[in-house]
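Each chain, letter by letter, is given below.
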2 protein chains.
Amino acid sequence: MIEVTLSPALVIGTGLVGASVAHALTDAGVEVHLTDARASHALVAASRGAGTIEPIDPEACRLVVVAVPPGSLASVIADALERYPHATVTDVGSVKGVVLAALRATGLDLARYCGSHPMAGSHKAGPLTARADLFVDRTWVITPHDTSAAQSVLTVERIAELCGARMVTMGAQHHDEAVGQVSHVPQLVSALVGGGLLDLPPEHLRLAGQGLRDVTRIAGSDPHLWQQIIAANAGAVRIELQEIHASLGELIEVLDDPDAVHAFLDRGRRGVRALPGKQGAATAWVQVVVEIPDAPGALAKLFTDIEETGVNVEDVTIDHDVDRRVGWLAVHVEPTAATRLSRALTDAGWSVRP
Amino acid sequence: MIEVTLSPALVIGTGLVGASVAHALTDAGVEVHLTDARASHALVAASRGAGTIEPIDPEACRLVVVAVPPGSLASVIADALERYPHATVTDVGSVKGVVLAALRATGLDLARYCGSHPMAGSHKAGPLTARADLFVDRTWVITPHDTSAAQSVLTVERIAELCGARMVTMGAQHHDEAVGQVSHVPQLVSALVGGGLLDLPPEHLRLAGQGLRDVTRIAGSDPHLWQQIIAANAGAVRIELQEIHASLGELIEVLDDPDAVHAFLDRGRRGVRALPGKQGAATAWVQVVVEIPDAPGALAKLFTDIEETGVNVEDVTIDHDVDRRVGWLAVHVEPTAATRLSRALTDAGWSVRP
């Protein structure tokens, strides 16, 4: 039986991610000590309830969470392995391969190290943004290496569990390729669009709507942090960027072909819908059919009731039976919402076709 | 004195934008008639209070708002000019140049036509999404042509005003170049990233965070609608895409150069900050300095009070005067927020350094 002990723990680096982990651990009853190269930030985190700035006893320390910028990860992890001889050491860095390679190069025994990467960064930063529930229902990648001890892996899994995150386990190289695709390349593309705005006359920027703001939101992130991330994963990122570059070249070639542009746009939409948690394809809508009584204001009342259910209505159609002086409203919704809508409308006194 | 009369008005097309304009006009006391190629949608809009589906008297009609898909705009506008001889006709389409060229080709007198483009679309669609306040504080571009009568322009300006929008006036070609840059190209780039996701293993998509979702959100829009928009503005869009393509090629070249990657990312951030309504550069933060009393829990209480002001805190630093056993917290915020924060903390009993 392997005993997993998290307490007392040390969190090194009290930015958004580090301080949020500290909050979650503290809430779970772990004794958490905090340290940060900027002492003010550790003090802020401590005074907001993330832990204490009292020094930890190195011999007693059972867990070290390293949450420092990517460029400093390997040296801080190596230092922690030496300084806290009985602690499992993990980190929350966005890139795992180069860190592991640097740690191997030190010749240290890495049994007590297991990497991890909670996918819950934000373009918001600053010491007051941390919160215990930052990781709830977010993906937390655990990246054991081939000499990670079982206890180290189980300890890191326990942290992710306490934080309410959804665990995914993969190797460092695999992780880096995947985040290159779903995180680093989108970051660079966002910066690409953002940078292009500097060439535009200010009056054109007044026409900017929500779409542009969404696309460029993450381009507002810290360039210093992201430069380190890209540097640590340049190999995987380059391959993905080359594919994007080629696809963009193809689009430019076919821009006058309506069918090709439609296919390109449709492919984009299917890609978005492939993201977990997104709605299925439009063809998968189902209809909830409700009878519309022949009474003044009945349809308006029905829409009010539908809106109050909070269900997202994709389309509606209305049929009339002229003989019976009655009509039916077909509400097109996602399959998952149909039962809820049907039940809510029945409860509200409407006649829903079974 | 030119008299601007909006009532009775006809709104052709009751999708999100058309029905929202109808709601706003109705709320302003205008008699609004609704029509839609899908009769159900007009009925839905009417029963939600946007207007009536009773036919309008063609001779009485004073305003026609055409809110149909881009590919049908020119023919519906031309038809409206002929059918409603005393009405100002406008449209809410996203592209203006090709529509105007097609209208000119009809040989019709276009004095009663003035184009417009309220910048308030959404990736959300469906008949229940319309609302009267959709355009409040959004940009509404008015695109008079050189034969638009003054009354037509003033009428369209009146609509934008009633909708609470911010007006910008520019020519059709100028408008199309600008929206190519700030709307159409971001749309295609979002679809580019979205489409790339289809090549990835589903387990990689589980690592997707908020950033990817932001970047690809608008790629979830209707491909059929957007294909028409791109087709109508392919010339301007191609030029912008070629610039993006070239910049991306340059980035790939310098991906191993940390300084060049930092410069690229920093340029992206500066571009985002150039968008109206976004915060200024980081260097422009100002400090609000508050005395921290030497009492247990004082700092925690201070943070609670700061958070309650809702001001976005960019950074904090803490200084201690060991002799006086007192400390100061310097809160770094945007210049526009400093006065508000300072006043709120003073009101809450804290000693704020003047």
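What counts and how
Residues numbered from 1 in each chain as written. Chains lettered and ligands numbered in written order. Predicted model: local features only at pLDDT ≥ 70, side-chain atom pairs only at ≥ 80, totals over all residues. Heavy atoms only, no water. UniProt positions renumbered as here; feature names shortened; annotations may be inferred. Helix = DSSP H or I, 4+ residues; strand = E, 2+ residues; numbered from the N terminus. Buried < 20%, exposed > 50% of the residue type's maximum accessible area, 1.4 Å probe, protein only. Pairing = 2+ DSSP bridges. Right-handed = clockwise from strand over helix to strand, strands pointing away. Contact = heavy atoms within 4.5 Å. Buried area = accessible area lost by both parts, 1.4 Å probe. Salt bridge = Lys/Arg side-chain N within 4 Å of Asp/Glu carboxyl O. Polar contact = N/O pair within 3.5 Å; in protein donor to acceptor, adjacent residues only side chain to side chain.

Chain A goes by Prephenate dehydrogenase in an unreviewed UniProt entry, where it is assigned to Propioniciclava soli. According to the UniProt record, the Sequence similarities (unreviewed entry) comment for chain A is "Belongs to the prephenate/arogenate dehydrogenase family."

Bringing unusual backbone geometry into the picture now. The omega torsion across A:Ser7 and A:Pro8 is 0°, close enough to zero to call that bond cis. Its location among the elements puts A:Pro8 in the segment before strand E1 (9–12). The residue B:Asp137 is not glycine, and still its phi comes out positive at about 65°. Here B:Asp137 is to be found in the loop between strand E5 (115–118) and strand E6 (139–143). Classification of B:Asp137 by relative accessible area gives partly exposed; the value is 48%.

Residue and element names in this part refer to chain A. The buried fraction of strand E6 (residues 139–143) amounts to five of the five residues, a majority that puts the element mostly inside the structure. Examined bridge by bridge, strand E5 (residues 115–118) and E6 share four bridges and lie antiparallel to one another. Each bridged residue has a counterpart across the sheet, and for glycine 115 the counterpart in E6 is threonine 143. Pairing of E6 with strand E7 (residues 166–169), which is carried by four bridges, proceeds in the parallel orientation. Each bridged residue has a counterpart across the sheet, and for valine 141 the counterpart in E7 is valine 168. For the crossover from E6 across helix H5 (residues 150–162) to E7, the handedness is right-handed.

With 101 residues of chain A at the interface, the matching set in chain B holds 101 residues. Overall, the association of chain A and chain B removes approximately 9,700 Å² of surface from exposure, summing both partners, and the carbon and sulfur fraction of that is 70%. The tally of links between chain A and chain B comes to eight salt bridges. Between B:Asp199 and A:Arg267 there is a salt bridge, and its shortest N-O distance comes to 3.2 Å. In this assembly, chain A and chain B are joined by 19 residue pairs in polar contact (both at pLDDT 80 or more).

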